[in-house]
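So the chains spell out like this:
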Amino acid sequence: MGARGELFTTQIYLDNRSYFFNVKENRTGDVFLQIVESKNRDGAEQDRHQIAVFADDMQKFLQGMEKSLEFIEKDRKDKQKAAKEKKAAKEEKFGKGKGSKPVYRLKNGRDSETQEKRDDGIKRTGRVVHIVSKKAQPSETPDNDGSEN
């Protein structure tokens, strides 16, 4: 028997937490599982929480754990399904655009892809685009770029 009645120990290290699963035996010979969570807080200070599950209660504990895990998995799948449905509805409403690249409308009414170069003394790097709407504009709308035809 190890120090403090430990029969078996395993550890899991995460970003700012550590979990220890210790199988121990007390003075009367009862075997139990001790689960310890150790969390770093404010540098050197550590926050520790522990629970003990005795061997007689282990099956009920595991049943509760299993039900909880099933709920978490079902909830995760439901959220993924809802996200896919939302994405499909959005694509149906707005379309995918030209290919996989989105097309944005500029303030002057032209597509960002077909914007020609202008020599009006303003330095344009092509990094800033003013978006009016992602929806396709009707082709009957006249260009409002301030230039005469």
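Residues numbered from 1 in each chain as written. Predicted model: local features only at pLDDT ≥ 70, side-chain atom pairs only at ≥ 80, totals over all residues. Heavy atoms only, no water.

Caption draft 1: Structural context of the overall build of the chain. Counting its secondary structure elements, the chain contains 1 helix and 4 strands. Overall, the chain shows an N-to-C arrangement of helices and strands of β-β-β-β-α. The 149 residues of the chain split such that 13% are buried. Within the chain, residue pairs in contact and separated by at least 24 positions form 21% of the contacts whose partners lie at least 6 positions apart. (Helix = DSSP H or I, 4+ residues; strand = E, 2+ residues; numbered from the N terminus. Buried < 20%, exposed > 50% of the residue type's maximum accessible area, 1.4 Å probe, protein only. Contact = heavy atoms within 4.5 Å.)

Caption draft 2: The arrangement of the sheet that holds strand E2 (residues 17-25) in detail. In spatial order, the strands read E1-E2-E3-E4; together these 4 strands make up an open sheet with antiparallel pairing. If you trace the sheet from one side to the other, it starts and ends with strand E1 (6-13) and strand E4 (46-54), each paired once. Looking at each pair of strands side by side, their axes are set apart by 15° on average, direction ignored. Of the pairings in the sheet, the one linking strand E3 (residues 31-40) to E4 comprises 9 bridges and is antiparallel in character. When the bridges of E4 are listed, Gln34 appears paired with Ala52. Across the face of the sheet, helix H1 (residues 58-94) comes into contact with E3 and E4 while running at roughly 120° to E4. (Pairing = 2+ DSSP bridges. Axes fitted to C-alpha atoms, helices over the stretch in contact; angles between N-to-C directions.)

Caption draft 3: View of the side chain of Asn22. With respect to the helices and strands, the residue Asn22 is situated in strand E2. At 3.2 Å, the side chain of Asn22 and the side chain of Thr9 are in polar contact. Among all residues touching Asn22, those that are not within four sequence positions of it are Phe8, Thr9, Phe32, Leu33, Gln34 and Val36. (Polar contact = N/O pair within 3.5 Å; in protein donor to acceptor, adjacent residues only side chain to side chain.)

Caption draft 4: Structural view of the side chain of Glu37. Within the element layout of this structure, Glu37 appears in strand E3. A polar atom in the side chain of Glu37 sits 2.4 Å from the side chain of Arg17. Once you skip the residues sitting within four places of it in the chain, Glu37 turns out to touch Arg17, Ser18, Tyr19, Asp47, Arg48 and His49.

Caption draft 5: Region of interest: the packing of aromatic side chains. Applying the stated criterion to the full structure yields 2 aromatic pairs. Ring geometry for Tyr13 against Phe20: centres 6.5 Å apart, planes inclined by 85°, an arrangement best described as edge-to-face. When the ring of Phe32 is compared with that of Phe54, the centres are 5.3 Å apart and the planes differ by 45°; the resulting orientation is tilted. Residue Phe32 is found in strand E3, and its partner Phe54 is found in strand E4; the two are separated by 22 residues along the sequence. Residue Phe54 is classed as partly exposed on the basis of its relative accessible area of 35%. (Phe/Tyr/Trp six-rings, centres within 6.5 Å; stacked < 30°, edge-to-face > 60°.)

Caption draft 6: Highlighting a nonpolar patch on the surface. On the surface, a nonpolar cluster with roughly 420 Å² of combined accessible area is contributed by Met65, Leu69, Phe71 and Ile72. Locating Ile72 in the fold gives a position in helix H1. (Patch = residues over 30% accessible without salt bridge, like charges linked within 9 Å, V, L, I, M, F, W, Y side chains within 5 Å. Areas by Shrake-Rupley, 256 points an atom, 1.4 Å probe, with all protein chains shown as cover. Salt bridge = Lys/Arg side-chain N within 4 Å of Asp/Glu carboxyl O.)

Caption draft 7: Layout of H1. End to end, H1 covers 54 Å across 37 residues, agreeing with the expected 54 Å (1.5 Å per residue, within 8%). Backbone geometry just after H1 places Gly95 at a positive phi near 80°. (Expected span 1.5 Å × (residues − 1).)

It is worth stressing that arrangement in space is one thing and function is another; only the former is reported here.
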